[in-house]
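# Residue-level structural notes
What follows is each chain in one-letter form.
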Amino acid sequence: MSAASTRVLDTARTGRGMVWVIAVMLFLTVLATAGGIGTARATGAIGMQLGGRATVQVAAADPARRERDAGEAAAVLAGIAGVSQVRVVPRAEIARLLSPWLGGDAADVDLPIPAMVDLTVADEASVTRVRRALAAALPGARLDLHSAALAPVRRFLTVMSVLGLALVAMMVAATAFVVVLAARAGLEAHRGTIEVMHMLGATDVQVARLFQRRLSLDAALGAAVGGVAGLVAVALLGAQASALGSELLGAVTLGGLGWGVLLVLPFAFVALAAGVARRAVVRSLGQML
Amino acid sequence: MMPRALPVLDEGGRHVRWRRLQAKGCRGPVAGIVQFENVGLRYGQGEEVLRDLSFSLTAGEFYFVTGASGAGKTSLLKMLYLAQRPTRGAIHLFGTDVVTLPRARIPGFRRRIGVVFQDFRLVPHLSAADNIALPLRIAGVLEDEVRDAVSEMLAWVGLTSRAEARPPTLSGGEQQRVAIARAVIGRPEILIADEPTGNVDEAMADRLLQLFASLNGLGTTLVIATHDLQLIARVRSAQMMRIDDGRLLDPTGMLRHPPGRHL
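Residues numbered from 1 in each chain as written. Chains lettered and ligands numbered in written order. Predicted model: local features only at pLDDT ≥ 70, side-chain atom pairs only at ≥ 80, totals over all residues.

## Side note on the overall build of chain B
Convention followed: A run of DSSP states H or I qualifies as a helix once it reaches four residues; a run of E qualifies as a strand once it reaches two. Both are numbered from the N-terminal end. Residues with at least 20 other C-beta atoms within 10 Å of their own are called buried, those with 12 or fewer are called exposed, and the rest are partly exposed. The C-beta atoms themselves are positioned from the backbone. Each residue is represented by a C-beta atom placed from its backbone, and any two residues with such atoms within 7 Å are regarded as in contact.
Broken down by element type, chain B carries 8 helices and 12 strands. Within chain B, buried positions represent 43% of all 263 residues. Taking all contacts inside chain B whose residues are at least 6 apart in sequence as the whole, residues at least 24 apart take part in 72%.

## Some words on the overall build of chain A
When helices and strands are tallied, chain A shows 10 helices and 4 strands. Counting helices and strands in the order they occur from the N terminus, chain A gives α-β-α-β-α-β-α-β-α-α-α-α-α-α. For chain A, the residues scored as buried account for 33% of the 289 residues in total. Intrachain contacts of chain A at a sequence separation of at least 6 include 88% that bridge at least 24 residues.

## Looking at the environment of Gly 186 of chain A
Considering the arrangement of structural elements, one finds Gly 186 of chain A in helix α6 (residues 151-189). The spatial distance from the C-alpha of Gly 186 of chain A to the C-alpha of Leu 215 of chain A is 9.3 Å, given a sequence separation of 29 residues.

## Considering the packing of α6 of chain A against helix α10 (residues 255-285) of chain A
Residues and elements named next belong to chain A. So the rule is basically this: Only the contacting stretch of a helix is used when fitting its axis, a line to C-alpha atoms as for every element, and angles between N-to-C directions run 0 to 180 degrees. In this scheme, roughly parallel covers angles under 35 degrees and roughly antiparallel covers those over 145, while 65 to 115 is roughly perpendicular and the rest are oblique. Crossings are assigned a handedness: left-handed for a near helix turned anticlockwise from the far helix by less than a right angle, right-handed for a clockwise turn. Residue polarity is assigned by list, with Asp, Glu, Lys and Arg as charged and Ala, Val, Leu, Ile, Met, Phe, Trp, Tyr, Cys and Pro as nonpolar; anything else, Gly included, falls into the polar class.
Here α6 crosses α10 at 45°, and the two axes come no closer than 9 Å. Relative to α10, the element α6 is oriented oblique. In terms of crossing hand, the pair formed by α6 and α10 is right-handed. Of the residues in α10, those in contact with Val 172, Thr 175, Ala 176, Val 179, Val 180, Ala 183, Arg 184 and Leu 187 of α6 are Phe 269, Leu 272, Ala 273, Val 276, Ala 277, Ala 280, Val 281 and Ser 284. In terms of residue class, the contact of α6 with α10 is built from 13 nonpolar, 2 polar and 1 charged.

## Things to note about the sheet that holds strand β12 (residues 247-249) of chain B
All names here are of chain B. We count it as follows: Only strands that DSSP links by at least two bridges are regarded as paired with each other.
Pairing in this open sheet of 6 strands is mixed, and the strands run β8-β9-β10-β5-β11-β12 from one edge to the other. Edge positions in the sheet fall to β8 (113-116) and β12, since each has one partner strand and no second. Within this sheet the neighbouring strands show an average axis-to-axis angle of 20°, counted without direction. Relative to β12, strand β11 (residues 239-244) is paired through 3 bridges, and the arrangement is antiparallel. Looking across to β12, one finds that Asp 244 is bridged to Arg 247.

## Overview of the nonpolar core
The test is simple: The nonpolar core is taken to be a set of buried Ala, Val, Leu, Ile, Met, Phe, Trp, Tyr and Cys residues joined by way of C-beta atoms within 7 Å.
Core analysis: the biggest nonpolar cluster contains 115 residues, and Ile 22 of chain A together with Ile 132, Ala 181 and Ile 192 of chain B have the highest contact counts within it. When residues in this core are grouped by element, the largest group, 12 residues, is from helix α1 (residues 17-50) of chain A. Among all residues touching Ile 22 of chain A, those that are not within four sequence positions of it are Thr 175, Asp 218, Ala 219, Gly 222, Ala 223, Gly 226, Phe 269 and Ala 273 of chain A. Residues Ala 73, Leu 119, Val 121 and Val 130 of chain A belong to the second largest nonpolar core, which totals 17 residues.

## Regarding the pairing of strand β4 (residues 48-57) of chain B
Each regular strand shows side chains that alternate between the opposite faces of the sheet. Residues and elements named next belong to chain B. Bridge count for strand β3 (residues 34-42) against β4 is 6 bridges, and the pairing is antiparallel. Within β4, the position partnered with Arg 42 by the bridge is Glu 48. Hairpin geometry of β3 and β4 is characterised by an intervening segment of 5 residues between the two adjacent antiparallel strands and by a positive phi of about 60° at Gly 44.

## Overview of the confidence of the model for chain B
All names here are of chain B. Which entries qualify depends on this criterion: A score from 0 to 100, pLDDT tells how confident the predictor is in each residue.
Mean pLDDT over chain B: 83, with 85% of residues reaching 70 or higher. When the criterion is pLDDT under 50, residues 8-30 qualifies, and its contacts beyond four places in sequence or with other chains add up to 38 contacts. Predicted complex, confidence summary: ipTM 0.80, pTM 0.69.

## Focus on the packing of helix α4 (residues 128-138) of chain B against helix α5 (residues 143-156) of chain B
Residue and element names in this part refer to chain B. Running from N to C, α4 and α5 cross one another at 130°; their axes reach a closest spacing of 9 Å. The angle between α4 and α5 places the two elements in the oblique class. With respect to the hand of their crossing, α4 and α5 are arranged in right-handed fashion. Residue-level inspection shows Ala 129, Ile 132, Ala 133, Leu 136 and Arg 137 of α4 in contact with α5, the latter providing Val 146, Ala 149, Val 150, Met 153 and Leu 154. Partitioning the contact of α4 with α5 into residue classes produces 9 nonpolar, no polar and 1 charged.

## A short note on the environment of Leu 237 of chain A
Examined against the element boundaries, Leu 237 of chain A turns out to sit in helix α8 (residues 204-244). Judged by local crowding, Leu 237 of chain A falls into the partly exposed class, with 15 C-beta atoms found within 10 Å.

## Digging into the sheet that holds strand β6 (residues 88-93) of chain B
All names here are of chain B. The strand order across the open sheet formed by 4 strands is β4-β3-β6-β7, and the pairing between neighbours is antiparallel. Two strands lie at the open edges of the sheet, namely β4 and β7 (96-97), each paired on one side alone. Packed on one face of the sheet, helix α2 (residues 73-80) meets β3, β4 and β6 and runs near 125° to β3.

## A look at α10 of chain A
For clarity, the cut-off: Here the expected length of a helix is defined as 1.5 Å per residue gap, with one fewer gap than residues.
Between its terminal C-alpha atoms α10 of chain A stretches 45 Å, which fits the 45 Å expected from 31 residues at 1.5 Å a residue. Regarding α10 of chain A, the residues found buried are Leu 262, Leu 265, Pro 266, Phe 269, Val 270, Ala 273, Val 276, Ala 277, Arg 278, Ala 280, Val 281 and Ser 284 of chain A.

## Regarding the confidence of the model for chain A
With 91% of its residues at a pLDDT of at least 70, chain A reaches an overall mean of 84. α10 of chain A holds the highest mean pLDDT among the elements of chain A, 90, whereas helix α9 (residues 247-250) of chain A holds the lowest, 65.

## Some points on the environment of Gly 44 of chain A
Topologically, Gly 44 of chain A is positioned in helix α1. A sequence separation of 113 residues divides Gly 44 of chain A from Leu 157 of chain A, and the C-alpha atoms of the two residues are 9.7 Å apart.

## Regarding unusual backbone geometry
All names here are of chain B. Phi at Asn 38 takes a positive value of approximately 50°, unusual for a residue other than glycine. On the secondary structure map, Asn 38 appears in strand β3. Looking at Asn 38, the number of C-beta atoms within 10 Å reads 12, which means it is exposed. Positive phi values are uncommon outside glycine, yet Arg 121 reaches one of about 50°. If you trace the backbone, Arg 121 turns up in the loop between β8 and α4.

This is the structure we're talking about:
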């Protein structure tokens, strides 16, 4: 039908409620997608940063002995295959790390703070070799793998990523359902006009096209509002997270691909609305003569 | 006189120019344009409202359907314009069995039928001109042709000055004329009208009858349901189909076996 035929549906009879529903859905979807992508990237970044990092703690009571044992441990570790970046952590650096809990007392040399040796292990076999060597040379030394310490954090971030994706899936399903309801409500509101059009020889596809056009316009308007609001919200949240200076939150970034996905979401919503509307209308019309 | 520049729809529902068709003689009379064989209709689980209808309508003829209120006239018309399938029997339209016709093929047949509904069924938010244009726009006629045809139709039914008026602001008679203009603008092969003169004065009824007669003269088969015996009396060449309690009265067998079919 011609452009003039687009007036056949009375726009005054069906409100623009779907615009706002789509806007809210897309806003939430953008946030959920950003959260999912950000946490997934953070999980990967943490894995890359901490993968293989370990610390040996030497806890002798005598400070001089402790320093000597730490040096000996570093020498032993440096000679093990698969071990690299062995470094005795200076006392001042340990004091600085503990200062949030111990304050100025952390620098007191009489405090029995263990000495630490940082290292990087290549694989599980290297870890086993390190454990054996330490047991032989310094039975009191303890090996802490950073990956084990941060495993709960990684699990949490993984759960958050999966949850984000699940939320996106639910939003998409809910949006499709809303479009179906809007299409059915529109059909009911325009039943008289549709019957006349059918009697005048209009095909289901012609009628469906009118609804598809109308619902797509509503979806586009809602997607524009929700998309812009969502992107602004994500940008503001990102800026706030950066300002906190947290290493963990700093790892939660979107990257170019993530932003690209967020930009595509409004268009995907409009395409989803158009497709679902057409299918819903054609199916409903199929039940009429 | 009927407007001469009106587009018409071909058998697939696509429009072609009327004059070109006339010149080529493409639309000659077809005997038995409508055939009902033992047709029955019931709504839901109720009793049959129409029973054992068997008749044949000849192309280019003028038929009146009459009968008491509730006799089944409107139900018969609904089956004719494919708004209702019968519960039994066979209906052939333009030589095709329309009872088992796939739904996707129905629009093509509907475009060959013009209908004037008893309650007009105009689209309330469209102007009179847009209502009249609807069949042509559905058929994909070019806007220039639509405008010309609508102007002619508006003049034909005397509503040029009301072209932009919406149905709720039109009188009953004006709405009826818009409905008639919409029904005939596509030059249907069959025009079906349910009480088309019920809301107009005698002068307008006369005028509409002349319009119907001129359409009939151009080869359109007319089926008009009416209570108006005066209207029936004015068309001497018309045949009458009387429905009584869901049955078609055909004492001479003329409706079941039109004479023309034996020639």
